[in-house]
Amino acid sequence: MDRLTNTVRPYAWGSTTAIPELLGTEPTGEPQAEMWMGAHPGAPSRTDRGAGPVSLADVIAADPEGELGPDAVRAFGPRLPFLLKLLAAGSPLSLQVHPDLTQAQEGYADEEKRGVPADAPHRNYKDANHKPELICALTPFEGLCGFRHPAEAATLLEGLGVSALKPYADILRAAPEDAALREVLTAVLGADRDETAETVEQAATAARRLAGEGGPHADAYAAYAAIAHHYPGDPGVLAAMLLNHVRLQPGEALFLGAGIPHAYLGGLGVELMANSDNVLRCGLTPKHVDVPELLRVVRFEPRDAGVLRPEEATASGEEVYETPIDEFRLSRFVLAPGGPIRTLGDRTPQILLCTAGAVAVHVVGAGAGGGSVSRTDAGSRTDGGSLTDAGSRTDVGSRTDLTLAPGESVFVPAGERVELAGEGTIFRATVAL
């Protein structure tokens, strides 16, 4: 297995403290939004097998079947199909949706054919893959997820007492649900920007007042007022009012499938997604908003937010967050002192992330993936050792025994079976084969 060195992305919406607190490091004063773990070309993790630091993407490219296993390569090609992140939102992210696989392939091919530069600010599709994702809260976490039922959205808008919002509320009450949501979102994003800014300010003022008065929608009004504070005059504030407001407690999660509008508002979480960077924005951003393409991708389906809680899948103690996606599978192990050793299978590639305590990881054998020979040749430990005889943070990355502190992670290639022991929490990212 390989200890990973990971990149922290300094996006403007990131918290300045949440990731440093987890890692036990001093804040820099700058936002630290996401820590990426995986082989995405934008910021691949690095490891050291004895010859100096190397990108995990290059390690996998040199021996896809040895690192990923033949089953994963057959299913997803010669690349790690998922990306694991720590996400720390200090302010709201953009309101966004992700395409399904067919839409991504068609959109990417079209932009390539038209010669749209890969770094062009108006480019929609960075790659030809879909980007379903799962966010699991490590702290209280706040977000928006999926369309409210139109009648409920109409009640919220009417409660603000802003005359310019009445036509939207009337549409939401009169039309079929999918048509109503489409018509209102189209109207909001297509309206005159100056007129919309005035409406947003009036709505935000009313939302702040109603949040202070309490009532069944006080939390939602408070969230919309906070969004308007960060994005004054942005039409996305009105679009956000069409969406479910949700608060997650630690351990709870949200799954965001293709076409589901969403935004993260605040908190620290573990995020797992297909290995893609395709985002279509609806608002709450200075970046490009392609309204026609957005409307082609959005699924105008009212739904509940769909909070997920982990289910214990087997006697191994693994708690799984079930999703309908093959490219990734997220689970966790909560280890108690003196508890049983937990053994993880070796059929698929894995990234293990510690989020609490101190967890010892021990390689106990190799299977069909066959990668362990190359790791031994590259300088990994071969003396066996014990679960408590673990490497420090400065050890060579590829070892048979390591202890992980909060925020530390390892890549376990297919063919290596590992055991977990200690006291703490480990999140396991792998593929669903």
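Residues numbered from 1 in each chain as written. Predicted model: local features only at pLDDT ≥ 70, side-chain atom pairs only at ≥ 80, totals over all residues. Heavy atoms only, no water.

Let's talk about the packing of aromatic side chains
Keep this limit in mind: Aromatic pairs are defined between Phe, Tyr and Trp rings, using the six-membered ring for Trp, whenever the two ring centres lie within 6.5 Å; interplanar angles under 30 degrees are classed as stacked, those over 60 as edge-to-face, and all others as tilted. Strands are runs of DSSP state E lasting at least 2 residues, helices are runs of H or I lasting at least 4, and numbering of each runs from the N terminus. With a 1.4 Å probe rolled over the protein chains alone, any residue whose accessible area is under 20% of its type maximum counts as buried; one over 50% counts as exposed, and the rest are partly exposed. Whether a charge lies above a ring is judged from NZ of Lys or CZ of Arg, which has to be within 6 Å of the ring centre and within 35 degrees of the ring normal.
Applying the stated criterion across every chain, the model contains three aromatic pairs. Ring centres of Tyr-11 and Trp-13 lie 5.8 Å apart, and the angle between their planes is 35°; this geometry places the pair in the tilted category. For the pair Phe-147 and Phe-300, a centre-to-centre distance of 5.5 Å together with 20° between the ring planes defines the contact as stacked. Placement of the pair is Phe-147 in strand β9 (residues 141-147) and Phe-300 in the loop between α12 (291-297) and β14 (311-312), with a sequence separation of 153 residues. The same class applies to Phe-147 and to Phe-300, which are both buried. Cation over ring: Arg-9 sits above Trp-36, and NZ or CZ is 4.6 Å from the ring centre.

A look at helix α6 (residues 150-159)
Worth spelling out the cut-off: Directions drawn from the helix axis to the C-beta atoms are what define this arc.
Turning to α6, its buried residues number three or more, namely Pro-150, Ala-153, Ala-154, Leu-156 and Leu-157. Angular distribution of buried residues about the axis of α6 spans 160°; they occupy a single face of the element.

Concerning the packing of helix α7 (residues 166-174) against helix α8 (residues 177-190)
The test is simple: To define axes, lines are fitted to C-alpha atoms, for helices over the stretch in contact only, and angles between the resulting N-to-C directions are given on a 0 to 180 degree scale. Throughout this description, any angle smaller than 35 degrees is read as roughly parallel, any larger than 145 degrees as roughly antiparallel, any in the 65 to 115 degree range as roughly perpendicular, and the remainder as oblique. A crossing counts as left-handed when the near helix is turned anticlockwise from the far one by less than a right angle, and as right-handed when that turn is clockwise. Pairs of residues are marked as contacts when any of their non-hydrogen atoms sit within 4.5 Å. Three residue categories are used. Nonpolar comprises Ala, Val, Leu, Ile, Met, Phe, Trp, Tyr, Cys and Pro, charged comprises Asp, Glu, Lys and Arg, and polar comprises the others, including Gly.
The geometry of α7 relative to α8 is characterised by a closest axis approach of 8 Å and an angle of 160° between their N-to-C directions. When the axis of α7 is compared with that of α8, the two are roughly antiparallel. Like other packed secondary-structure pairs, α7 and α8 cross with a definite hand, here right-handed. Only Ala-180, Leu-181, Glu-183, Val-184, Ala-187 and Val-188 of α8 make contact with α7, whose side of the interface consists of Tyr-168, Ile-171 and Leu-172. Its residues assigned to classes, the contact of α7 with α8 shows eight nonpolar, no polar and one charged.

With respect to the pattern of salt bridges
Formally: Criterion for a salt bridge: a side-chain nitrogen of Lys or Arg within 4 Å of a carboxyl oxygen of Asp or Glu.
Here the structure, examined in full by the defined rule, presents 23 salt bridges. Of the charged contacts in the structure, one is a salt bridge between Arg-123 and Glu-111, with a shortest N-O distance of 3.1 Å. Residue Arg-123 is found in the loop between α5 (101-113) and β8 (133-137), and its partner Glu-111 is found in helix α5; the two are separated by 12 residues along the sequence. Relative accessible area serves as the criterion here: at 5%, Arg-123 is assigned to the buried category.

Brief notes about a negative patch on the surface
The test is simple: Each patch is built from salt-bridge-free residues with over 30% relative accessible area, joining like charges within 9 Å and nonpolar side chains (Val, Leu, Ile, Met, Phe, Trp, Tyr) within 5 Å. Values of accessible area rely on a 1.4 Å probe in the Shrake-Rupley scheme; residue burial ignores everything except the protein chains shown. A residue counts as positive if it is Lys or Arg and as negative if it is Asp or Glu; His and the chain ends are not included. To locate a charge, the coordinates of NZ of Lys, CZ of Arg, CG of Asp or CD of Glu are taken.
Residues Asp-192, Asp-194, Glu-195 and Glu-198 make up a contiguous surface patch of negative charge. Relative to the helices and strands, Glu-195 is located in helix α9 (residues 193-213). Classification of Glu-195 by relative accessible area gives exposed; the value is 56%.

So, the nonpolar core
Short version of the rule: Only buried residues count toward a nonpolar core. Its members are Ala, Val, Leu, Ile, Met, Phe, Trp, Tyr and Cys residues joined through side-chain atoms within 4.5 Å.
The biggest cluster of nonpolar side chains holds 52 residues, and the ones touching the most others in it are Leu-160, Leu-172 and Ile-227. Looking at this core element by element, the count peaks at seven residues for helix α10 (residues 218-230). Not counting chain neighbours up to four residues away, the residues in contact with Ile-227 comprise Pro-92, Leu-144, Val-237, Ala-240, Leu-265 and Leu-284.

Some details on the confidence of the model for the chain
The following threshold applies: How sure the predictor is of each residue is captured by pLDDT, a score from 0 to 100.
Looking at the chain, the pLDDT average stands at 89 and 92% of residues meet or exceed 70. Between the elements of the chain, mean pLDDT differs from a low of 34, seen in helix α13 (residues 372-377), to a high of 98, seen in strand β6 (residues 82-89). Contacts for the low-pLDDT stretch residues 366-396, under 50 throughout, to residues beyond four places or in other chains number 67 contacts.

Describing the side chain of Asn-278
Here Asn-278 shows up in the loop between β12 (262-274) and β13 (280-283). Apart from residues no more than four positions distant in its own chain, Asn-278 is found in contact with Val-97, His-98, Pro-99, Ala-104, Asn-124, Tyr-125, Lys-126, Asp-127, Ala-128, Asn-129 and Lys-131.

Points about α9
The condition that has to hold: Multiply 1.5 Å by the residue count of a helix minus one, and that product is the helix's expected span. Any pair of N or O atoms that falls within 3.5 Å is considered a polar contact. Within protein, one atom must be able to donate a hydrogen and the other to accept it, and sequence-neighbouring residues count only if both atoms are side-chain atoms.
Its 21 residues give α9 an end-to-end C-alpha distance of 30 Å, which sits within 8% of 30 Å, the value for a rise of 1.5 Å per residue. All of the buried residues along α9 are Thr-196, Thr-199, Val-200, Ala-203, Ala-204, Ala-206, Ala-207 and Leu-210. Each element contacted by the buried residues of α9 is listed here: α6, α8, α10 and α11 (236-240). For α9, the N-terminal cap is Asp-192; the gap from its side-chain oxygen to the backbone nitrogen of Asp-194 is 3.1 Å. Trailing α9 by a residue or two, Gly-214 shows a phi angle of about 80°, which is positive.

Focus on the packing of α6 against α7
Orientation of α6 relative to α7, taken along the N-to-C sense of each, is 160°, at an axis distance of 8 Å. The angle between α6 and α7 falls in the class roughly antiparallel. Helix-helix and strand crossings are classified by hand; for α6 and α7 the assignment is left-handed. Within the contact between the two elements, α6 uses Pro-150, Ala-151, Ala-153, Ala-154, Thr-155, Leu-157 and Glu-158 and α7 uses Tyr-168, Ala-169, Leu-172 and Arg-173. Taken together, the residues of the contact of α6 with α7 break down into eight nonpolar, one polar and two charged.

Structural notes on the pairing of strand β16 (residues 329-335)
Keep this limit in mind: Criterion used throughout: strands pair if DSSP finds at least two bridges between them.
The element β16 is extensively covered by neighbouring structure, given that five of its seven residues are classed as buried. Pairing geometry for strand β15 (residues 319-321) and β16, over three bridges, is antiparallel. Bridge pairing links Glu-319 to Arg-332 in β16. In this sheet, strand β21 (residues 416-430) lies alongside β16 in antiparallel orientation, the contact comprising seven bridges.

Some words on the pairing of β9
With seven of seven residues buried, β9 lies mostly within the body of the structure. Bridge analysis of β9 against strand β10 (residues 243-248) gives five bridges, and the strand direction is antiparallel. Among the inter-strand pairings, Phe-147 is bridged to a residue of β10, identified as Leu-243. In terms of strand pairing, β9 meets β12 through four bridges, oriented antiparallel. Across the sheet, the residue bridging to Glu-142 is Gly-266, located in β12.

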